[in-house]
Amino acid sequence: MATKKNTKKVGKKSAKKVAKKRAKPAPIALTPAERSRKLRPRRDYRELIETFLRVWEENPSVRLTGLTRAQLRRALGLAIKAADKEDALRREADTKLRVLMDARLVAEDDLWRKLLDANALVRAQSRVDPRLAEAFAFLSDALRPESRERDDAEEPAAG
């Protein structure tokens, strides 16, 4: 009785293929100085580059040293892919952040209402006991509308 040999090849991947699959590029983290030196393309760069590529293909006599249409297409694809990933992550982060911001607003509203109620009670009691007015004068000063405007003007600009 003859037995059938297993003719299936055992697939061994080359070391180069395995290394290529494993190696993911490290995330790019620019310093503020490096970030400021980077060029910022126009918002409509995709359409502009696609038009440039189309016109370049229509004029094959144009030769650009150090640049091919394939290289420019690849660079455009990478830029679009990076922008799409950033937009997706930004939308996801905005959704999560909105929930946290709303929770903070609710908690701060509750806190501030309690402080305003406490201030009203202290002011009422200070009519009977003037020492309370002196002790809580900082609160009355802080809650005065012109005091808040002055505090807002003194805060350093975010930058």
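Cut-offs used in this document
- Residues numbered from 1 in each chain as written.
- Predicted model: local features only at pLDDT ≥ 70, side-chain atom pairs only at ≥ 80, totals over all residues.
- Heavy atoms only, no water.
- Helix = DSSP H or I, 4+ residues; strand = E, 2+ residues; numbered from the N terminus.
- Buried < 20%, exposed > 50% of the residue type's maximum accessible area, 1.4 Å probe, protein only.
- Contact = heavy atoms within 4.5 Å.
- Areas by Shrake-Rupley, 256 points an atom, 1.4 Å probe, with all protein chains shown as cover.
- Salt bridge = Lys/Arg side-chain N within 4 Å of Asp/Glu carboxyl O.
- Patch = residues over 30% accessible without salt bridge, like charges linked within 9 Å, V, L, I, M, F, W, Y side chains within 5 Å.
- pLDDT = per-residue confidence, 0-100.
- Expected span 1.5 Å × (residues − 1).
- Phe/Tyr/Trp six-rings, centres within 6.5 Å; stacked < 30°, edge-to-face > 60°.
- Lys NZ or Arg CZ within 6 Å of the ring centre and 35° of its normal.

This part takes up the overall build of the protein. The number of helices and strands found in the protein is seven helices and zero strands. In the protein, the succession of α and β elements from N to C terminus is α-α-α-α-α-α-α. When the 159 residues of the protein are sorted by exposure, 7% land in the buried category. Here the analysis covers contacts within the protein between residues at least 6 apart in sequence; of these, 32% occur between residues at least 24 apart. Working note: accessible area of the protein is about 15200 Å², and carbon and sulfur atoms make up 59% of it.

One pass over the structure, following the stated rule, counts eleven salt bridges. Residue Arg 90 is joined to Glu 86 by a salt bridge in which the shortest nitrogen-to-oxygen separation is 3.0 Å. With Arg 90 and Glu 86 both in helix H4 (residues 69-126), this residue pair falls four residues apart, about one helical turn. Residue class for Arg 90 comes out partly exposed when judged on its relative accessible area of 44%.

Another aspect to go through is a nonpolar patch on the surface. On the surface, Phe 52, Val 62, Leu 64 and Leu 67 cluster together into a nonpolar patch covering about 290 Å² of accessible area. You can see Val 62 is positioned in the loop between helix H3 (45-58) and H4. Note on Val 62: relative accessible area 36%, which makes it partly exposed.

Looking at the protein, the pLDDT average stands at 86 and 77% of residues meet or exceed 70. No element of the protein has a lower mean pLDDT than helix H1 (residues 15-22), which averages 64, and none a higher one than H3, which averages 96.

We now examine H4. Its 58 residues give H4 an end-to-end C-alpha distance of 80 Å, which sits within 8% of 86 Å, the value for a rise of 1.5 Å per residue. Of all the residues in H4, the buried ones are Leu 72, Leu 76, Ile 80, Asn 119, Val 122 and Ser 126. Considering only its buried residues, H4 is in contact with H3, helix H5 (130-135) and helix H6 (137-143).

Bringing the packing of aromatic side chains into the picture now. Considering all chains together, one arrives at two aromatic pairs under this definition. Considering the side-chain rings of Phe 52 and Trp 56, the 5.7 Å spacing of their centres and the 55° angle between planes classify their relative orientation as tilted. Separated by four residues within a single helix, Phe 52 and Trp 56 lie in helix H3, roughly one turn from each other. Given the relative accessible area of 6%, Trp 56 is considered buried. With 6.4 Å between their ring centres and 25° between their planes, Phe 136 and Phe 138 make a pair best called stacked. Residue placement shows Arg 69 over the ring face of Trp 56; its charged tip is 5.4 Å from the ring centre.

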